[in-house]
Amino acid sequence: MTSLLLANGRVVNEGRIQETDLLITGDRLARIGAGPVPAGTRVVDLKGLHVLPGLIDDQVHFREPGLTDKATIASESLAAICGGVTSYLDMPNNSPPCIDRAGLAAKKAIAARTSFANYGFYLGATNSNLDEIRKITRAEACGIKVFMGSSTGNMLVDDEHTLESIFADAPLPIATHCEDTPLIHAAEARARAKYGDDVPMAEHANIRSAEACYKSSALAVGLAKRHDARLHVLHLSTAGELELFSAGPIERKRITAEACVHHLWFDDSGYAALGARIKCNPAIKTPADRAGLIAAVNSDVIDVIATDHAPHTAEEKSRPYFAAPSGLPLVQHMLNMLLDQYHAGIFSLETIVTKTAHNPARLFGIEGRGFIREGYVADLVVVDLAGSTTVDSEQIRYRCAWSPFEGHTFRSAVVMTLLRGGIAFERGAVSAPPMGAELIFRAD
Ligand code: DOR
């Protein structure tokens, strides 16, 4: 078995930062701390660099099968490891949508051949696939995705009885997209009457309003409480919704909340320069919403930070309001974004690691990953907090080939990403074939 010693790195894990050695044997972390080193061990000196557990992004849209002009599992998982994300949970709004076991098996087969990062897949709910939902097991899916508001794809679940049954019976965590569609349709009609087809992009925050988010999130939380369901509300985007959730350690919660990096970074002042590039669902809203979300991450009301990585082509994003699809590509720069926010005093390194690695692993019961622990799989990311990363066309790995950060220089660099004990990415180059493994989810 090969072994690798990561020496002298500053290891950020489980609430503390400690300069130490990590000995990796095969795909596992064999030892934390000093000790004998087997003959033939490769030694990499990480003095001055930080080592984090590889990030687990619990919400991505890698578009396969079907929408491969936007992205593929290969292209986006490669971008993920370039940015320190070693595992991802992929959403079901594919073409065809992933709404049964055959769909899950088809996605797994693609990922087994082509994924550069470890993978898990959600089963999508519809108004008519309750039987599939009731039968699904942790060996097959990470959770049930319920679009309680319509977005990309045609997967709205708005039938009251179906929602009741999903919350009563789902055998896996329920992850919801919460926006009230009737309120959005009414706001769209008002905007069309006022502006015609060319609605100013900043109106997105009024059309996909705070009220629409609150109404739908309140419905989801109410259903979860009534049925004692395990609910994870995805991409909160308003300060108002936060009162629906409680603060505290994730282990004690049945209802958890996620924020996404773009809602923590941008506010509605960004539409002027970036237009449809930051059009997404739920919409990026006011500075007060952004500030509320940041505070909620720090007070443990929000449990997980993810990307909702949702690539569309540059041509699609150049269209006027109604024709421009929602979503933006983020998975390659998630960690850089958060490390800029560390530099700005917004988040600690420990909080970043808790929300992007420990808590997704805890929430979904991901076996052997998400922590730097002896015996765990060595999925790691090494970052240089004194480095820099300039986003340009050469640096971007997404199939869509654009980023809202083009021209921006982040104040950190991802130096190395290790996947299953092997160096998968090192100083700008991908150094291994696709090695992603299927994630294993265990019961609570
Ligand atoms: O902005 C978004 N884009 N929000 C979603 O919920 C879906 C996503 C997509 O798939 O494009």
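A few points on the structure.

Criteria and cut-off values
- Residues numbered from 1 in each chain as written.
- Predicted model: local features only at pLDDT ≥ 70, side-chain atom pairs only at ≥ 80, totals over all residues.
- Heavy atoms only, no water.
- Helix = DSSP H or I, 4+ residues; strand = E, 2+ residues; numbered from the N terminus.
- Expected span 1.5 Å × (residues − 1).
- Buried < 20%, exposed > 50% of the residue type's maximum accessible area, 1.4 Å probe, protein only.
- Arc of directions from axis to C-beta.
- Contact = heavy atoms within 4.5 Å.
- Near = heavy atom within 4 Å.
- Polar contact = N/O pair within 3.5 Å; in protein donor to acceptor, adjacent residues only side chain to side chain.
- Areas by Shrake-Rupley, 256 points an atom, 1.4 Å probe, with all protein chains shown as cover.
- 1 Å grid on protein atoms, 1.4 Å probe; cavity = no way out; pocket = protein on both sides within 12 Å on 5 of 7 lines; lining within 4 Å.
- Sits in = over half its atoms within 2 Å of the grid points.
- Nonpolar A, V, L, I, M, F, W, Y, C, P; charged D, E, K, R; others polar.
- Phe/Tyr/Trp six-rings, centres within 6.5 Å; stacked < 30°, edge-to-face > 60°.
- Lys NZ or Arg CZ within 6 Å of the ring centre and 35° of its normal.
- Axes fitted to C-alpha atoms, helices over the stretch in contact; angles between N-to-C directions.
- Parallel < 35°, antiparallel > 145°, perpendicular 65-115°, else oblique.
- Left-handed = near helix turned anticlockwise from the far one by under 90°.
- Pairing = 2+ DSSP bridges.

1. A word on helix α7 (residues 210-227)
Helical geometry note: an α-helix holds 3.6 residues per turn, so side chains three or four residues apart project in the same direction.
Then, number 1: The terminal C-alpha atoms of α7, which comprises 18 residues, lie 26 Å apart, in line with the 26 Å expected from a rise of 1.5 Å per residue.
Then, number 2: Inspection of α7 places Ala212, Cys213, Ser216, Ser217, Ala220, Val221, Leu223 and Ala224 among the buried residues, and these make up the whole buried set. Looking straight down α7, one finds that the buried residues subtend no more than 160° of arc, so they occupy a single side. Away from its buried face, by an angle of more than 90 degrees, α7 presents the exposed residues Glu211, Lys225 and Arg226.
Then, number 3: Residues of α7 that are buried sit in contact with α4 (160-169), β10 (174-177), α5 (181-195), β11 (231-233) and β12 (255-260).

2. Re the site of the ligand
Then, number 1: Neighbouring residues of the ligand: 14 residues in total, closest Arg63, Asn93, Thr152, Asn281 and Ser326.
Then, number 2: At 3.1 Å from an oxygen atom of the ligand is found a side-chain nitrogen or oxygen belonging to serine 151.
Then, number 3: Glycine 327 has a polar backbone atom sitting 3.3 Å from an oxygen atom of the ligand.
Then, number 4: Against a free-state accessible area of 290 Å², the protein chains account for coverage of 100% of the ligand.
Then, number 5: For the ligand, the cavity whose grid points lie within 2 Å of the majority of its atoms is the largest cavity.
Then, number 6: Of the residues assigned to the shell around the ligand, the class counts are three nonpolar, nine polar and two charged.

3. Digging into the packing of aromatic side chains
Then, number 1: Counted under the stated rule, the structure contains nine aromatic pairs.
Then, number 2: Their ring planes at 50° and their centres at 4.5 Å tell us that phenylalanine 62 and tyrosine 88 sit as a pair that is tilted. Separated by 26 residues along the polypeptide, phenylalanine 62 in the loop between β6 (55-60) and α1 (73-82) and tyrosine 88 in strand β7 (residues 85-90) bring together distant segments of the chain. Each member of the pair phenylalanine 62 and tyrosine 88 is classed as buried.
Then, number 3: Centre to centre, the rings of tyrosine 122 and phenylalanine 364 are 6.1 Å apart; their planes meet at 85°, and the pair counts as edge-to-face. With tyrosine 122 in strand β8 (residues 118-124) and phenylalanine 364 in helix α13 (residues 349-364), this residue pair connects regions lying 242 residues apart in the sequence.
Then, number 4: Taken together, Trp265, Phe266, Phe405 and Phe410 form an aromatic cluster joined through their ring pairs.
Then, number 5: One Lys or Arg, lysine 145, reaches over the ring of phenylalanine 147 and ends 3.7 Å from the middle of that ring.
Then, number 6: Sitting over the ring of phenylalanine 371, arginine 373 keeps its end group 3.9 Å from the ring centre.

4. Quick look at the packing of α1 against helix α2 (residues 101-114)
Then, number 1: Put simply, α1 and α2 touch, their axes get as near as 10 Å, and they point 55° apart. Relative to α2, α1 is oriented oblique. As α1 packs across α2, the resulting crossing turns out to be right-handed. Judged by residue contacts, Ile73, Ala74 and Ser77 of α1 engage Lys107, Ile110, Ala111 and Thr114 from α2.
Then, number 2: Grouping the constituent residues of the contact of α1 with α2 by class yields four nonpolar, two polar and one charged.

5. Concerning unusual backbone geometry
Then, number 1: Residue proline 65 follows glutamate 64 across a cis peptide bond; omega there is 5°.
Then, number 2: For the peptide bond that leads from serine 95 to proline 96, omega is 5°, which places it in the cis range.
Then, number 3: For proline 96, the location among the structural elements is in the loop between β7 and α2.
Then, number 4: The backbone phi angle of aspartate 308 is positive, close to 55°, even though this residue is not glycine.
Then, number 5: Topologically, aspartate 308 is positioned in the loop between β13 (304-306) and α11 (314-317).
Then, number 6: Overall, the relative accessible area of 8% leaves aspartate 308 in the buried class.
Then, number 7: The phi torsion at arginine 420 lies on the positive side, around 50°, for a residue other than glycine.
Then, number 8: Summarising the element assignment, arginine 420 is placed in the loop between β17 (413-419) and β18 (422-426).
Then, number 9: Classification of arginine 420 as partly exposed rests on a relative accessible area of 33%.

6. Overview of the pairing of strand β5 (residues 50-53)
Then, number 1: In β5, alternate side chains face the same way, and those of His50 and Leu52 on one face and Val51 and Pro53 on the other are all buried.
Then, number 2: The pairing of strand β1 (residues 3-13) with β5 spans two bridges and is parallel. The residue bridging arginine 10 from the neighbouring strand is histidine 50, located in β5.
Then, number 3: With four bridges connecting them, β5 and strand β14 (residues 380-384) associate as antiparallel partners. Bridge pairing in β14 links valine 51 to valine 382.

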